[in-house]
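# Working through the structure, step by step
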2 protein chains.
Amino acid sequence: MARSTIDDDTLTDAIARVFSRFGFAGASIDRLSEETGLGRASLYHRYPGGKDEMVSAIIDRATVRYGKALAPAFVDGPPYARAQEVAKGLNEYYNNGTQSCLIVALSVSDGDGQSEGGRCVEAWADALMLIALDAGMSSVEADAAVLDAIAAIEGGLVIAATSGKTGAYERAIATLPERLTGGR
Amino acid sequence: MARSTIDDDTLTDAIARVFSRFGFAGASIDRLSEETGLGRASLYHRYPGGKDEMVSAIIDRATVRYGKALAPAFVDGPPYARAQEVAKGLNEYYNNGTQSCLIVALSVSDGDGQSEGGRCVEAWADALMLIALDAGMSSVEADAAVLDAIAAIEGGLVIAATSGKTGAYERAIATLPERLTGGR
DNA sequence: GTCTATACGACGATAGAC
DNA sequence: GTCTATCGTCGTATAGAC
């Protein structure tokens, strides 16, 4: 395989930005071509399966990046500090709230993103749950705290995308450790 | 103008459901035709401006319905009770969390929904702000409380749409009065 | 007011030259 | 690996009969 003029990860990230912003149906090949700087045919060379394969690729990469952000949830240590690490990682992933959420974008519009989005939320919830349980919450408390924390972040991203106000997102990130541990 | 076989409001609501679910680009005329039971040409008879005009119509109607839900914010009375009324109205609007949010759907995908979504959030925030200020919050406190409350609801809707779990949404609705008043 | 038929354009995808 | 050119399809929108 000869060298590409654009790095694989860089390409995938550029494509992910377009899908995140415009959804599956709104992410036209022309737009993808413009954003990536590659011609239409080159995109098909990289992703013979077309848009469906692009979605698979960006979800795979998102899963890896999510995984890294969530990794501190799986190690031993004080719950509050682990939650802080996770919050930091998520904030990097969402680029301080300027990056609209792929899950949301793919849940709107058709494509095969519906089920993928659900599984992604599950993985996220499972990781945070570990922290909440370690902090001494009951399973019912932890379940609620975790989903509320995720909802706060997702909601903050939506507000940021529609109105440009990032305050709600920033507070959602900042209060994540408190939400997951009750301060413990 | 002769009688329609489908009521104007019913038609608009059906169209709104399609746009809410699939976004602007994903809401094809075929899908709209199927959902409304009207032929493609009939849709253009009702909305000569095509999809753009449909979006205008559903936003106008959403604004009216939002207005009704938010009306209790503008009357005199104890802040907590007013917030409860607003929460009840919003919950009806979102059909207990089963109705995905139009704002979110139009912010994804292109169309002219971007700015409309922002203005809609503004209107929502302005109404809730009145309650928070009446409850004795400072403007800074109120601004944060209001945006966080909206984010919680929007986030809850996103979680409900992607994973089917409505818990976060339900708690966001239930805790709205507390969030806006601090219990006052 | 709604339907069938159709024009026209945009988009997804492919072939072949470089 | 990337580009130009092109084909088929789907989707938007319109025309005209009922």
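What counts, and at which threshold
Residues numbered from 1 in each chain as written. Chains lettered and ligands numbered in written order. Predicted model: local features only at pLDDT ≥ 70, side-chain atom pairs only at ≥ 80, totals over all residues. Helix = DSSP H or I, 4+ residues; strand = E, 2+ residues; numbered from the N terminus. Rg over C-alpha atoms; globule rule 2.2 N^0.38 Å. Near = placed C-beta within 6 Å. Nonpolar A, V, L, I, M, F, W, Y, C, P; charged D, E, K, R; others polar. pLDDT = per-residue confidence, 0-100. Least-squares fit on C-alpha atoms with pLDDT ≥ 70 in both. Axes fitted to C-alpha atoms, helices over the stretch in contact; angles between N-to-C directions. Parallel < 35°, antiparallel > 145°, perpendicular 65-115°, else oblique. Contact = placed C-beta atoms within 7 Å. Buried ≥ 20, exposed ≤ 12 C-beta atoms within 10 Å, placed from the backbone. Core = buried A, V, L, I, M, F, W, Y, C linked by C-beta atoms within 7 Å. Expected span 1.5 Å × (residues − 1). Arc of directions from axis to C-beta.

### A word on the overall build of chain A
Broken down by element type, chain A carries 10 helices and zero strands. Secondary structure of chain A in N-to-C order comes out as α-α-α-α-α-α-α-α-α-α. In summary, chain A has a C-alpha radius of gyration of 18 Å against a globular reference of 16 Å for 184 residues, a match within 12%. Along the three orthogonal principal directions, the C-alpha set of chain A runs to about 55 × 40 × 25 Å.

### Thoughts on the protein's contact with DNA strand D
Surveying the vicinity of DNA strand D reveals 22 residues, the closest of which are Gly39(A), Ala41(A), Ile29(B), Ala41(B) and Gly50(B). At the level of elements, α3 (40–46) of chain A together with α2 (29–36) and α3 (40–46) of chain B are the ones that each hand at least two residues to the surface near DNA strand D. With five residues, the top contributor of residues to the surface near DNA strand D is α3(A). Class assignment of the residues belonging to the surface near DNA strand D gives a composition of nine nonpolar, seven polar and six charged.

### Let's talk about the protein's contact with DNA strand C
Close to DNA strand C lie 21 residues, the nearest being Ile29(A), Ala41(A), Gly50(A), Gly39(B) and Ala41(B). Residue assignment for the surface near DNA strand C shows that the elements contributing at least two residues are α2 (29–36), α3 and α4 (50–70) of chain A together with α3 of chain B. Ranked by residue count, the leading element in the surface near DNA strand C is α3(B), at five residues.

### Here we look at the confidence of the model for chain A
Overall, the predicted model of chain A reaches an average pLDDT of 91, with 93% of residues at or above 70. In the model of chain A, helix α6 (residues 102–107) of chain A stands out as the element of lowest mean pLDDT, 86, in contrast to helix α9 (residues 167–174) of chain A, which has the highest, 98.

### A closer look at the relation of the copies chain B and chain A
Copy one and copy two of the chain differ by a rotation about an axis and a translation along that axis. Laying chain B over chain A is done by rotating through 180° and shifting 0.0 Å along the axis; what remains is an RMSD of 0.1 Å. Put plainly, the chains are arranged around a two-fold axis. Looking at the rotation axis and the C-alpha trace of chain B, the residue lying nearest is Gly155(B), at 1.8 Å.

### Topic: the packing of helix α8 (residues 139–163) of chain A against helix α9 (residues 167–174) of chain B
Direction vectors running N to C along α8(A) and α9(B) enclose 80°, while the axes themselves pass 9 Å from each other. Here α8(A) lies roughly perpendicular to α9(B), going by the angle between them. Residues Ala144(A), Leu147(A), Asp148(A) and Ala151(A) of α8(A) pack against Gly167(B), Ala168(B), Arg171(B) and Ala172(B) of α9(B). Here the contact of α8(A) with α9(B) is built from residues that sort into five nonpolar, one polar and two charged.

### Notes on the environment of Glu178(B)
Residues and elements named next belong to chain B. Within the element layout of this structure, Glu-178 appears in helix α10 (residues 176–181). Under the C-beta neighbour-count criterion, Glu-178 is labelled partly exposed, with 14 such atoms within 10 Å. For Glu-178 and Ala-149, which are 29 residues apart along the polypeptide, the C-alpha to C-alpha distance reads 9.8 Å.

### A word on the environment of Gly117(B)
By secondary structure assignment, the location of Gly117(B) is in helix α7 (residues 113–134). A C-alpha to C-alpha distance of 9.3 Å links Gly117(B) and Ala105(B), two positions 12 residues apart in sequence. Ignoring sequence-local partners within four residues, the contact set of Gly117(B) consists of Thr162(A), Ile103(B), Leu106(B) and Ser107(B).

### Some thoughts on the interface of chain B and chain A
Taken together, the 35 residues of chain B in the interface contact 35 residues of chain A. Those elements that provide at least two residues to the side of chain B that touches chain A are α1 (8–26), α6 (102–107), α7, α8 (139–163) and α9 of chain B. With 15 residues, α8(B) is the single largest residue contributor to the side of chain B that touches chain A. Here the side of chain B that touches chain A is built from residues that sort into 18 nonpolar, 11 polar and six charged.

### Section: the nonpolar core
Ranked by size, the top nonpolar core spans 118 residues in total, and within it Phe19(A) and Phe19(B) carry the most contacts. Apart from the residues lying within four places of it in its own chain, the contact partners of Phe19(B) are Phe24(B), Ala27(B), Val55(B), Ile58(B), Leu102(B), Ala105(B) and Leu106(B).

### Examining α4(A)
Residues and elements named next belong to chain A. When the terminal C-alpha atoms of α4 are compared, their 30 Å separation across 21 residues agrees well with the 30 Å that a helix rising 1.5 Å per residue should span. Among the residues making up α4, those that are buried are Lys-51, Met-54, Val-55, Ile-58, Ile-59, Ala-62, Tyr-66, Ala-69 and Leu-70. For α4, the buried positions fall inside an angular range of 130° around the axis, keeping them on one side. Facing away from the buried side of α4, by more than 90 degrees, are the exposed residues Gly-50, Asp-60, Val-64 and Lys-68.

### Here's the deal with the environment of Tyr93(B)
Residue and element names in this part refer to chain B. You can see Tyr-93 is positioned in helix α5 (residues 79–93). By C-beta crowding, Tyr-93 is classed as partly exposed, having 16 other C-beta atoms within 10 Å. Residues Tyr-93 and Val-18, 75 residues apart in the sequence, show an inter-C-alpha distance of 16 Å. In this view, Tyr-93 contacts Arg-65, Tyr-66 and Ala-69; residues no more than four positions away in its chain are not counted.

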